[in-house]
Amino acid sequence: MSGTIRLEKLGKPGIFVITANFAHDARSAARDHGMPTVRLITVPDAEYYENRISAEKVRPVAEKAMDTIIDGLIRPLTPEEAKPKAMAKEILAPVEVTADDDALALEKFNDLFLGNRWGDGLPLIPPTPERVRRMLTGTSRPPHEVIGTVAPKNGIATVEKIAINAVMAGAKPEYLPVIIAAMEGLLDKEYDLMHPQISTGSFTFLIAVTGPIAKEIGMNSGIGLLGHGWRANNTIGRAVRLCLINLGHTWPAVNDMALDGRAVPHTFYTFAENQDYSPWKPYHVVQGYKPEDSCVTVSTVGSYGRGALTAYGGGAVQAWTTESILGNIVKDIGGDRRAFAHYKRGVADYDSVLRKHIIVLHPEMAMGLKRLGYTRESLRQYIYETTRVPYEQLDQQELRGVREFVDASIAGGIRLAFMLPQDRIPVFQEALKPGGKVPVVVSPEDIIILVAGGIPGNTLGAKFQRALYTWSSHKTKLIRGATLTQAGR
Amino acid sequence: MEMKRRWIWSLTVTGVFVVVLLIGHLPFGEGWAEASVTLKVLNPRGEIEPPQTLAPAPRVTDLAGKKIGIYWNGKQGGPNFWNAVEELLKKRFPTATILRRYGPADIGAASATKLAKEVDTFIYGVGD
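In this text, all values refer to a predicted model and were calculated from it rather than measured experimentally.

1. Let's talk about the overall build of chain A
So, point 1. A tally of helices and strands in chain A yields 18 helices and 15 strands.
So, point 2. The C-alpha radius of gyration of chain A comes to 25 Å, within 12% of the 23 Å expected for a compact globule of 489 residues.
So, point 3. Oriented by its inertia axes, the alpha-carbon framework of chain A measures out at about 75 × 75 × 40 Å.
So, point 4. Relative to its 489 residues, chain A shows a buried fraction of 50%.
So, point 5. When contacts within chain A are restricted to residue pairs at least 6 apart in sequence, those whose partners lie at least 24 apart make up 77%.

Rendered as structure tokens:
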């Protein structure tokens, strides 16, 4: 919708064509962009999606839509369209719920909030002024400090608003600095939050806490690290989930169009790095922070299908070696080579995307790698180098795809997911020569290595495209302002 | 006699007081008893500054002889639909020129400025 409105603002009249199921979403986006009466033309979703596979099948859909398309282009604007009403600001006053007793008041509160779509479908803790005040004791940061704005509607995230949602999630005040840092990561200007907030793709988030605060607040980083039963893990993730709903003003099938929903929708993949068993300094050190710091890393990751969480090996049933699991990692990441042949400028094919990879090593695996002489940095460099494809091994289709990828990146004007960042273009150009090797991961920084899980444990892999609307889908932020823990102050 | 009257009066007043007190606590069901708990909660929604409202551009009156842009974000199968739209437009408006452009869902400022210079009107699709 933003593109349509850009053109309208430049004085060009047009229409936005969309399937009927997305009309509500499009109208909502039109309001967000200040042009509520932009012309929408819908085609029946049941007829479009299946028939677009061939020109023959989809032609009747186009024929049926033609009169409406032409009408939308030439019919003069109605007075209502030409002079849309100014949009009112939503009043966000405190809410009062009255009932005969405490139990009924709690029921009524939940009915109201969940009915208003101010929750995640599970019962909530009422954010009374007293509870929010208590939550705010967890941070020295002022309640009205603005952390950023939340896509898609750019709701303002203040420390107080985050605290309100943290109360609702059932979090403790000592978790608040972690939740604020996670939101800082997601709201960073470079982080592409818009895409995972609205897309039909059902991606989700990974939230990893590194450094001493994780242990201090009782986060699980051992057996069951992604599961239920750990208040810190579960409510930190849930608080972020509620912030994304309430501060971004999103709702499933209204403007969050994830077709299958987002995996682990209530808590996301929230866990801590297992520093007790890790042979290396915390992950955030490779991001330039000090070992004694505490940080949160947020990352958009796939939910289902090829992008789903992968187990590379480990566990208590099958025998494994460090080398065998490393081999599985290299094989899986190396499989992204498929993108070369699939790449075609102007075609949004997710098989043609080079992805970032988050590898969560279980402790025994990390110790084994250390014994083999790897550091976190040398391991990611090893995976980056090993998965590069020698120029001489590329077939004609792959060569065409990589060349087109490089050319499209130079020309620009396409989705960032299908482009190389400018600083990586020379690397690919150099690789396209005899003796060169084409990377399947854009940069070694796109291989992110964490250590978590128990003994025994599994080595896991999560992946996702680097970005779409902005250049990053991965950020690490320092936890600061904590008042109730020794770490994160 | 006076003592007895006072005694009866005090007993009546006490009795009425006790009855009133009891009525207040009897379970007469919803609507009878006064609500006794008010829960005040803070609003969890993020404040939004409403954008300035703008109107769409005035329409062209006819497509004959016009340059019509079709912008598409590249999702698979879409070109089959837009090829048909292009063909049908040309059939109805043989003097119109159709320009096909591909790019991200949001065309972006630079490409929008370029396209706006090239067309009189446009059709914009993003596949869902």
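2. Considering the overall build of chain B
So, point 1. From N to C terminus, chain B includes 3 helices and 4 strands.
So, point 2. Start at the N end of chain B and walk to the C end: the helices and strands fall as α-β-β-α-β-α-β.
So, point 3. With 128 residues in all, chain B has 30% of them scored as buried.
So, point 4. Within chain B, contacts between residues separated by at least 24 positions form 72% of all contacts whose residues are at least 6 apart in sequence.

3. Focus on the environment of Asp71 of chain A
So, point 1. Take Asp71 of chain A: it is sitting in helix α4 (residues 55-74).
So, point 2. Residues Asp71 of chain A and Ile41 of chain A lie 30 residues apart in sequence; the distance between their C-alpha atoms is 9.7 Å.

4. Brief notes about the pairing of strand β4 (residues 146-150) of chain A
Residue and element names in this part refer to chain A.
So, point 1. Judged from the 4 bridges that link them, β4 and strand β5 (residues 155-158) form a sheet pairing that is antiparallel. The residue bridging Val150 from the neighbouring strand is Gly155, located in β5.
So, point 2. The turn joining β4 and β5, which pair antiparallel and follow one another in sequence, is formed by 4 residues; a positive phi near 60 degrees is taken by Asn154.

5. Observations regarding the packing of helix α8 (residues 159-169) of chain A against helix α9 (residues 176-186) of chain A
Residues and elements named next belong to chain A.
So, point 1. Relative to each other, α8 and α9 sit at 120 degrees, their axes nearing to 10 Å. In terms of crossing hand, the pair formed by α8 and α9 is right-handed. Between α8 and α9, the contacting residues are Val159, Ile162, Ala163 and Ala166 on the first element and Leu176, Ile179, Ile180 and Met183 on the second.
So, point 2. Here the residues of the contact of α8 with α9 sort into 8 nonpolar, no polar and no charged.

6. Details of the sheet that holds strand β14 (residues 458-465) of chain A
Residues and elements named next belong to chain A.
So, point 1. Overall, mixed pairing links the 4 strands, which are arranged β9-β14-β10-β13 in an open sheet. Of all strands in the sheet, those with a lone pairing partner are β9 (310-314) and β13 (447-451), marking the two edges. Across the sheet, the mean angle separating the axes of adjacent strands is 20 degrees when strand polarity is ignored.
So, point 2. Contacting β9, β10 (355-361) and β14, helix α13 (residues 322-334) runs over the sheet at an angle of about 160 degrees to β9.

7. Overview of the confidence of the model for chain B
So, point 1. Residues at a pLDDT of 70 or more form 73% of chain B, whose mean pLDDT is 84.
So, point 2. Model confidence for the complex is summarised by a pTM of 0.90, with the ipTM given as 0.92.

8. Things to note about the sheet that holds strand β6 (residues 204-210) of chain A
All names here are of chain A.
So, point 1. Strand order in this open sheet of 4 strands is β7-β6-β8-β15, and the pairing throughout is mixed. The sheet is open, and its two edges are formed by β7 (269-272) and β15 (474-478), each paired on a single side. With direction set aside, neighbouring strand axes in the sheet form an average angle of 15 degrees.
So, point 2. Pairing geometry for β6 and strand β8 (residues 295-301), over 7 bridges, is antiparallel.

9. Describing the interface of chain B and chain A
So, point 1. Each side of the interface is counted separately: chain B has 62 residues, and chain A has 94 residues.
So, point 2. Elements represented by at least two residues in the side of chain B that touches chain A include exactly β1 (37-41), α2 (78-92), α3 (109-118) and β4 (121-125) of chain B.
So, point 3. By residue number, the principal contributor to the side of chain B that touches chain A is α2 of chain B, which donates 7 residues.
So, point 4. Sheet topology note: the strand β1 (residues 14-19) of chain A/β4 of chain B ladder contains 4 bridges and is parallel. The residue bridging Gly14 of chain A from the neighbouring strand is Phe122 of chain B, located in β4 of chain B.

10. So, the nonpolar core
So, point 1. Residues Ala166, Ile179, Ala182, Met183 and Ile207 of chain A are the most contacted members of the largest nonpolar core, which totals 118 residues.
So, point 2. Broken down by element, the residue count for this core peaks at 9 residues, all from helix α12 (residues 231-248) of chain A.
So, point 3. Beyond its immediate stretch of four places on either side in the chain, Ala166 of chain A contacts Met135, Ala171, Tyr175, Leu176, Ile179 and Ala239 of chain A.
So, point 4. Formed by 38 residues, the second largest nonpolar core is a distinct cluster that contains Ile5, Ile18 and Ala30 of chain A together with Trp82 of chain B.

11. Concerning helix α1 (residues 2-9) of chain A
So, point 1. Here α1 of chain A lies mainly inside the structure; 6 of its 8 residues are buried.
So, point 2. The elements touched by buried residues of α1 of chain A are β1 of chain A together with β2 (67-72), α3 and β4 of chain B.
So, point 3. Where α1 of chain A terminates, the next one or two residues include Gly11 of chain A, which has phi positive at roughly 90 degrees.

12. Some thoughts on helix α6 (residues 102-115) of chain A
So, point 1. If you check α6 of chain A, its first and last C-alpha atoms are 19 Å apart, about what 14 residues at 1.5 Å a residue would give, namely 20 Å.
So, point 2. Downstream of α6 of chain A by one or two residues, Arg117 of chain A has phi in the positive range, about 65 degrees.

13. With respect to the environment of Ala366 of chain A
Residue and element names in this part refer to chain A.
So, point 1. Tracing the backbone shows Ala366 in helix α15 (residues 363-371).
So, point 2. Judged by C-beta crowding, with 27 C-beta atoms within 10 Å, Ala366 ranks as buried.
So, point 3. For the pair formed by Ala366 and Ala181, sequence separation is 185 residues and the distance between their alpha carbons is 27 Å.

14. Notes on the packing of α8 of chain A against α12 of chain A
Residues and elements named next belong to chain A.
So, point 1. Axis separation between α8 and α12 bottoms out at 8 Å; the angle between their running directions is 125 degrees. The pairing of α8 with α12 is recorded here as oblique in orientation. For α8 against α12, the interelement crossing comes out right-handed. Contact residues: α8 offers Lys161, Ile162, Asn165, Ala166, Met168 and Ala169, while α12 offers Thr235, Arg238, Ala239, Leu242, Cys243, Asn246 and Leu247.
So, point 2. Of the residues assigned to the contact of α8 with α12, the class counts are 8 nonpolar, 3 polar and 2 charged.

Definitions and limits used
- Residues numbered from 1 in each chain as written.
- Chains lettered and ligands numbered in written order.
- Predicted model: local features only at pLDDT ≥ 70, side-chain atom pairs only at ≥ 80, totals over all residues.
- Helix = DSSP H or I, 4+ residues; strand = E, 2+ residues; numbered from the N terminus.
- Rg over C-alpha atoms; globule rule 2.2 N^0.38 Å.
- Buried ≥ 20, exposed ≤ 12 C-beta atoms within 10 Å, placed from the backbone.
- Contact = placed C-beta atoms within 7 Å.
- Pairing = 2+ DSSP bridges.
- Axes fitted to C-alpha atoms, helices over the stretch in contact; angles between N-to-C directions.
- Left-handed = near helix turned anticlockwise from the far one by under 90°.
- Nonpolar A, V, L, I, M, F, W, Y, C, P; charged D, E, K, R; others polar.
- pLDDT = per-residue confidence, 0-100.
- Core = buried A, V, L, I, M, F, W, Y, C linked by C-beta atoms within 7 Å.
- Expected span 1.5 Å × (residues − 1).
- Parallel < 35°, antiparallel > 145°, perpendicular 65-115°, else oblique.

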